[in-house]
Amino acid sequence: MPPGITLAADTPTLSAANTGFMLICSALVMIMTPGLAFFYGGMVRVKSTLNMLMMSFISLGIVTILWVLYGFSAAFGTDHGSLIGWSSDYVGLSGIGLTQLWDGYTIPIYVFAVFQLMFAIITPALISGALADRVKFSAWALFITLWATLVYFPIAHWVWGTGGWAFDLGVIDFAGGTAVHINAGAAALGVILVIGKRVGFKKDPMRPHSLPLVMLGAGLLWFGWFGFNAGSWLGNDDGVGALMFVNTQVATAAAMLAWLIYEKIRHGACTTLGAASGAVAGLVAITPSGGSCSPLGAIAIGVVAGVLCAMAVGLKYKFGYDDSLDVVGVHLVGGVIGSLLIGFFATGGGQSDAQGLFYGGGLTQLWKQLAGVGAVLAYSLVASAILAFLIDKAIGMRVSEDDEVSGIDQVEHAETAYDFSGAGGGTVLRSAAPGPGHVDEAAAQTKKVDA
């Protein structure tokens, strides 16, 4: 995303076509958060479905208000020390004219602000997948408020804000490999290291209760991601957005196929959960890189992400951290892969003239990407762990063990996702059958019924 680059030598004028396009892209990115809610909601057990949905939906409310009050100003206001932005006209979005253009572009500031708002909303929602089954809803709401303020808004300025240190260094992040996915994945790891494992982790089966719901969510994410990625060029004047659209489709398809092939070789079956997860891994990896690589490069990036993310989701069993829905394995690892592979596959003919190692550019761009990846990962990991620790000490992050076992939906929301009271006696609700790869491998060794 290039907020500080002028598209043409002439003074830009408002483009109705670009403005309409960007409003549509903003709506597409918005639908990704409900899509994420369905994706995560299908992956948990029945007793946690509503809580998982609400952990995404509450971000729509909280982050929207924060963004209007001060978030947009902090992320995209006048630079201060290359670390944070601030412009009084952006506070409350009160000093912006209806047709006042985003600097160097043909769309109003209001349009750019609402497009970026949708990114700010979905990023903390991504974190929630790592925390399934065990976090108080009030503590989660407080965490979102503090995390968006202290982590997301500053990092968005580093990466995309004019004057941000990563932006000035030349770190390429077309649509959020660092600012969104590495940021969310590192935050998820930081929080789960503080709050600990679910009751029964690596002992009880914790299989998805609704794979059709997972596939619906994945489909909505894939659909909305075209707005997320192609819209990040902020217009249609030079074909770069079209390149990103094509590469988004290509890398996602390649990653899905690569994940399924890995599953078939490793576990003997191609699962629906693997297909959905592979697609998301490809979407994550192409997000930072799709504006700088060719479609063939996008295939390579998708294949690498599909295989490595499929391998990475099993690391939680080896190292003992309970990343419930594999936010670390897919978003952190996928974001790192996509960001670093720019240093190899950048052609110099897309969003900028920066070239990767395979196109004669040497290691220059790779070192820049490493700097951006390392800084965002470290800051988000540490800051998120500190926030979780402080909230845990102040009000407690986790529900009680008894409440976790009985079901967080009833405890935190006084509701259940499914009402079987009219289904007749003797009905037993069984979770989805275990599958290889992305599915809980420890649980697959048991024959318990997960109701």
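Worth saying up front: this structure is predicted, and the values here are computed from it rather than measured.

**Student:** I keep staring at the overall build of the chain and nothing clicks. Help me out?
**Tutor:** The number of helices and strands found in the chain is 15 helices and two strands. Taken along its principal axes, the extent of the C-alpha atoms in the chain is 75 × 45 × 40 Å. Out of the 451 residues in the chain, the part that is buried amounts to 58%. For the chain, contacts bridging at least 24 residues in sequence account for 77% of all contacts bridging at least 6. Seen as two clouds, the 19 positive and the 27 negative side-chain charges of the chain have centres 16 Å apart.

**Student:** How should helix H7 (residues 211–230) be read in this particular structure?
**Tutor:** One turn of an α-helix holds 3.6 residues; hence residues three or four places apart share an orientation. Its 20 residues place the ends of H7 29 Å apart at the C-alpha level, agreeing with the 28 Å of an ideal helix rising 1.5 Å per residue. The largest bend along H7 measures about 30 degrees and falls at Gly 224.

**Student:** What exactly am I supposed to notice about the side chain of Thr 271 here?
**Tutor:** Here Thr 271 lies in the loop between helix H8 (240–267) and helix H9 (272–289). A polar contact is formed between the side chain of Thr 271 and the backbone nitrogen of Gly 274, at a distance of 2.8 Å.

**Student:** I would appreciate a short explanation of the nonpolar core in the present structure.
**Tutor:** Where a protein is soluble and globular, its nonpolar side chains tend to be buried together. Phe 72 and Leu 131 are the most contacted members of the largest nonpolar core, which has 120 residues in total. Setting aside anything within four residues of it in sequence, one finds Leu 131 in contact with Met 55, Trp 140, Val 191, Ile 192, Ile 195 and Ser 324.

**Student:** Help me understand the environment of Lys 136 in this model?
**Tutor:** In this structure, Lys 136 sits in the loop between helix H3 (109–127) and helix H4 (137–160). Taking relative accessible area as the criterion, Lys 136 reaches 25% and is therefore assigned partly exposed. Taking the C-alpha atoms as reference, Lys 136 lies 9.2 Å from Ser 400; in sequence the two are 264 residues apart. The residues contacting Lys 136, other than those within four sequence positions of it, are Ile 395, Gly 396, Met 397, Arg 398, Val 399 and Glu 412. Within the local environment of Lys 136, its side chain forms a polar contact with the backbone oxygen of Ile 395, the two atoms lying 2.9 Å apart.

**Student:** Any chance you could explain the packing of helix H6 (residues 177–195) against helix H13 (residues 364–394) here in plain terms?
**Tutor:** Two packed helices can be described by the angle between their axes and the distance between those axes. Here H6 crosses H13 at 40 degrees, and the two axes come no closer than 7 Å. Remark: the crossing between H6 and H13 carries right-handed chirality. Contacts between H6 and H13 involve Thr 178, Ile 182, Asn 183, Ala 186, Ala 187, Leu 189, Gly 190, Val 191 and Val 194 on the former and, on the latter, Gly 372, Val 373, Val 376, Leu 377, Ser 380, Leu 381, Ser 384, Ala 385, Ala 388 and Phe 389. Residue composition of the contact of H6 with H13, by class: 13 nonpolar, six polar and no charged.

**Student:** Looking at this structure, how should I read the environment of Gly 41?
**Tutor:** Mapped onto the fold, Gly 41 is located in helix H1 (residues 16–43). Distance from Gly 41 to Val 336, taken between C-alpha atoms, is 25 Å for residues 295 residues apart in sequence.

**Student:** Explain the packing of helix H2 (residues 49–76) against H3 here, please?
**Tutor:** Between H2 and H3, the shortest axis-to-axis distance is 8 Å and the interhelical angle comes to 130 degrees. Considering the angle they form, H2 stands oblique to H3. Crossing angle aside, the handedness with which H2 passes H3 is right-handed. Each of Ser 56, Ser 59, Leu 60, Val 63, Thr 64, Trp 67, Phe 72 and Phe 76 in H2 lies in contact with H3, whose residues at this interface are Ile 109, Phe 112, Ala 113, Gln 116, Leu 117, Ala 120, Ile 121, Pro 124 and Ala 125. Split by residue class, the contact of H2 with H3 holds 13 nonpolar, four polar and no charged.

**Student:** What's the story with the pattern of salt bridges in this structure? I'm lost.
**Tutor:** Two side chains that carry opposite charge are able to pair once their charged atoms sit near each other. Tallied over the entire structure, the rule returns five salt bridges. The residue Arg 198 makes a salt bridge to Asp 133 at a minimum N-O spacing of 3.4 Å. Note that Arg 198 is positioned in the loop between H6 and H7 and Asp 133 in the loop between H3 and H4, a separation of 65 residues in sequence. Across the pair Arg 398 and Glu 404 runs a salt bridge whose closest N-O atoms are separated by 2.7 Å. In the salt-bridge network here, residues are joined through shared partners; they are Arg 45, Asp 133, Arg 198 and Asp 322.

**Student:** Just to check I follow, could you spell out H2 for this structure?
**Tutor:** The end-to-end C-alpha distance of H2 is 36 Å, clearly below the 40 Å that 28 residues give at a rise of 1.5 Å each. At Trp 67, H2 shows its maximal kink, close to 70 degrees.

**Student:** Is there a simple way to think about the confidence of the model for the chain in this case?
**Tutor:** Interpreting fine coordinate detail is not advised for predicted regions of low pLDDT. Summarising the model, the chain shows a mean pLDDT of 92, and 91% of its residues fall at 70 or more. Under a pLDDT of 50 for its full length, residues 3–9 has, in the predicted model, 18 contacts with residues more than four places off or in other chains. Between residues 439–451, whose pLDDT stays under 50, and residues either more than four places distant or in other chains, the model counts 32 contacts.

**Student:** For this particular structure, what's the right way to read the packing of aromatic side chains?
**Tutor:** Any pair of aromatic rings gets described here by the distance separating the centres and the angle formed by the planes. The full count for this structure, using the stated rule, is 27 aromatic pairs. Between Phe 76 and Trp 102, the aromatic rings sit 6.2 Å apart at their centres with planes inclined by 85 degrees, giving edge-to-face as the arrangement. With a gap of 26 residues between them, Phe 76 in helix H2 and Trp 102 in the loop between strand S2 (84–85) and H3 connect regions that are remote in the sequence. The class of Phe 76 is buried, set by a relative accessible area of 5%. A relative accessible area of 6% places Trp 102 in the buried class. Within the aromatic cluster, the residues linked to one another by ring pairs are Trp 67, Tyr 70, Phe 72, Phe 76, Tyr 90, Trp 102, Phe 112, Trp 147, Tyr 152 and Phe 153.

Each value, and the rule that gives it
- Residues numbered from 1 in each chain as written.
- Predicted model: local features only at pLDDT ≥ 70, side-chain atom pairs only at ≥ 80, totals over all residues.
- Heavy atoms only, no water.
- Helix = DSSP H or I, 4+ residues; strand = E, 2+ residues; numbered from the N terminus.
- Buried < 20%, exposed > 50% of the residue type's maximum accessible area, 1.4 Å probe, protein only.
- Contact = heavy atoms within 4.5 Å.
- Lys, Arg positive; Asp, Glu negative; His and termini not counted.
- Charge placed at Lys NZ, Arg CZ, Asp CG, Glu CD.
- Expected span 1.5 Å × (residues − 1).
- Bend = angle between axes of the 7 residues up to and from the residue.
- Polar contact = N/O pair within 3.5 Å; in protein donor to acceptor, adjacent residues only side chain to side chain.
- Core = buried A, V, L, I, M, F, W, Y, C linked by side-chain atoms within 4.5 Å.
- Axes fitted to C-alpha atoms, helices over the stretch in contact; angles between N-to-C directions.
- Left-handed = near helix turned anticlockwise from the far one by under 90°.
- Nonpolar A, V, L, I, M, F, W, Y, C, P; charged D, E, K, R; others polar.
- Parallel < 35°, antiparallel > 145°, perpendicular 65-115°, else oblique.
- Salt bridge = Lys/Arg side-chain N within 4 Å of Asp/Glu carboxyl O.
- pLDDT = per-residue confidence, 0-100.
- Phe/Tyr/Trp six-rings, centres within 6.5 Å; stacked < 30°, edge-to-face > 60°.

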